[in-house]
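Close look at the chain arrangement
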Amino acid sequence: MAFKGAPDIDPEGKKIWLSSPTMHGEEQMWVNDALSTNWVSTVGENIRETERQMASYVGVKYAVALSAGTAALHLAARLAGEKLYGSARVNEGTLRKHRAFCSDLTFDASVNPVAYENGEAIFIDSERETWNMDPAALKIAFERYPDVRLIVTAHLYGTPAKMQEIREIAAEHGALIVEDAAESLGAQYRLNGNWTETGSLGHFNAISFNGNKIITGSSGGMFLTDDREDAEKVRKWSTQSREATPWYQHEELGYNYRMSNIVAGIVRGQIPHLPEHIEAKKAIYERYRKGLEGLPVRMNAFDAENSRPNFWLSCLTIEEDAMCRQTRDDRKASYIPEAGKSCPTEIFETLAAFQIESRPIWKPMHLQPIYRDHAFFTADGEVSCRDFAGLSAENGSGVGADIFRRGLCLPSDNKMTPEEQGKVIELIRRCFD
Ligand SMILES: Cc1ncc(COP(=O)(O)O)c(C=O)c1O
């Protein structure tokens, strides 16, 4: 393995995860409760309580518990399309023949639901202050496509996007917002001067309880809204769109997207621990910030005045002049080690050799082969994704591609001890020797 060695560090040490579930005991209690009362399906007290508690925590009127954050995003996109353009024929999506402006630097689960509904995602670059959708690029995109009425925006790694600006631009154009708060549950944003939870900042909002999230149900997600009719519609769609008739009557397309009462039991047991999970993640971020001081790296940025991230994943970027040569195509990564320099691939491989899990920054959507025909806007204007087809990922354009090239998600597991984190920091330091 071509990395600068660390012979004094035990390569057989305990595995350190990127972000694994942290259980407390109440989860078991609520799961047992479901089993012993035989509510082992997609109805039951755990679902009702989880919905009630999450709606109250996030500060929205209604929460609909679903099988995944992706399901919440899908039904959000479908509902947005129906509101904007009317209901669709059964074999067509509600966004058919329409475009939506979507975060470029995110997990593809944020944006795929636009395609599920036959819409065309147009990608908007990130800004450097939060790594999220750049309002300046969004404005330019609206100049080019003034008829767009839907924005899908994520809060990357638990850091809130510039929602004040994004909401103002949306309002100017009569556009609806799907807020992907899958990674940011518990993060707050100062909207109109008031601290507001992410998950309540769009017209349709989604959170995730996937196994690596800040709290988990092993899987699961939620659709959050202040609109009773929207909540009822999503609940109906998620349970196969049965009409209130004595037989199985279907007047709308349905989905099997409801959360199970077992999964809801795990989420119910996790909810009281959300604040302490955020505290633990924040402490991890602070330890990295201090421990990596003096190296040519920066932690993922956030707007300290207007946001309180949940610090789900701590990430770093390497200064440009401290990057050794790294190439990544659509399959493989390689690099040439260089004294005093490093790159995300070197750090990733070094940590992996010591049983430590890290993760590349999300590869921007405009560099993804499946989206290569789609338009992409940076603060400098429009770029065609097709321009990148077949090129090395290092040749992407804009801020998101630069963060992908120079960045890495660091192990951020809230069961990692300070000593274990010290080992991670020491190994990163040695990559720059
Ligand atoms: C930004 C983002 N959006 C959407 C999702 C999808 O959530 P889920 O895995 O619950 O479907 C995830 C995580 O998996 C995510 O990180």
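Residues numbered from 1 in each chain as written. Predicted model: local features only at pLDDT ≥ 70, side-chain atom pairs only at ≥ 80, totals over all residues.

1. Notes on the environment of tryptophan 131
- Topologically, tryptophan 131 is positioned in the loop between strand 3 (120-124) and helix 5 (135-144).
- Exposure remark for tryptophan 131: the 28 C-beta atoms within 10 Å place this residue in the buried category. (Helix = DSSP H or I, 4+ residues; strand = E, 2+ residues; numbered from the N terminus. Buried ≥ 20, exposed ≤ 12 C-beta atoms within 10 Å, placed from the backbone.)

2. What to know about the domain arrangement of the chain
- Here the chain is partitioned into domain 1 (26-272) and domain 2 (274-431).
- Of all the secondary-structure elements, those providing two or more residues to the side of domain 1 that touches domain 2 are helix 4 (108-116), strand 3, helix 5 and strand 6 (188-191).
- Its residues assigned to classes, the side of domain 1 that touches domain 2 comprises 21 nonpolar, 8 polar and 11 charged. (Domains from an automatic or database assignment. Nonpolar A, V, L, I, M, F, W, Y, C, P; charged D, E, K, R; others polar.)

3. Description of the sheet that holds strand 6
- Spatially, 7-6-11 is the arrangement adopted by the 3 strands of the open sheet, whose pairing is antiparallel. Each of the sheet's edge strands pairs with one partner strand only, and the pair in question is strand 7 (194-197) and strand 11 (307-308). (Pairing = 2+ DSSP bridges.)

4. As for the packing of helix 1 (residues 26-36) against helix 8 (residues 261-270)
- It is at 7 Å that the axes of helix 1 and helix 8 come closest, and there the two elements cross at 150°. As the angle between them shows, helix 1 and helix 8 are arranged roughly antiparallel. Judged by the twist between their axes, the crossing of helix 1 over helix 8 is right-handed. Between helix 1, through Glu26, Glu27, Met29, Trp30, Val31, Asp33 and Ala34, and helix 8, the contact on the second element is made entirely by Asn261, Ile262, Gly265, Ile266, Arg268, Gly269 and Gln270.
- Here the residues of the contact of helix 1 with helix 8 sort into 6 nonpolar, 4 polar and 4 charged. (Axes fitted to C-alpha atoms, helices over the stretch in contact; angles between N-to-C directions. Parallel < 35°, antiparallel > 145°, perpendicular 65-115°, else oblique. Left-handed = near helix turned anticlockwise from the far one by under 90°. Contact = placed C-beta atoms within 7 Å.)

5. Details of the pairing of strand 5 (residues 176-180)
- Most of strand 5 sits inside the fold, with 4 of its 5 residues counted as buried.
- Bridging between strand 4 (residues 150-154) and strand 5 involves 5 bridges; their strand directions are parallel. Note on strand 5: the bridge partner recorded for leucine 150 is leucine 176.
- In this region the chain leaves strand 4, passes through helix 6 (residues 163-172) and returns to the parallel neighbour strand 5; the handedness of that crossover is right-handed.
- Note: strand 5 against strand 8 (residues 204-208), 3 bridges, orientation parallel. (Right-handed = clockwise from strand over helix to strand, strands pointing away.)

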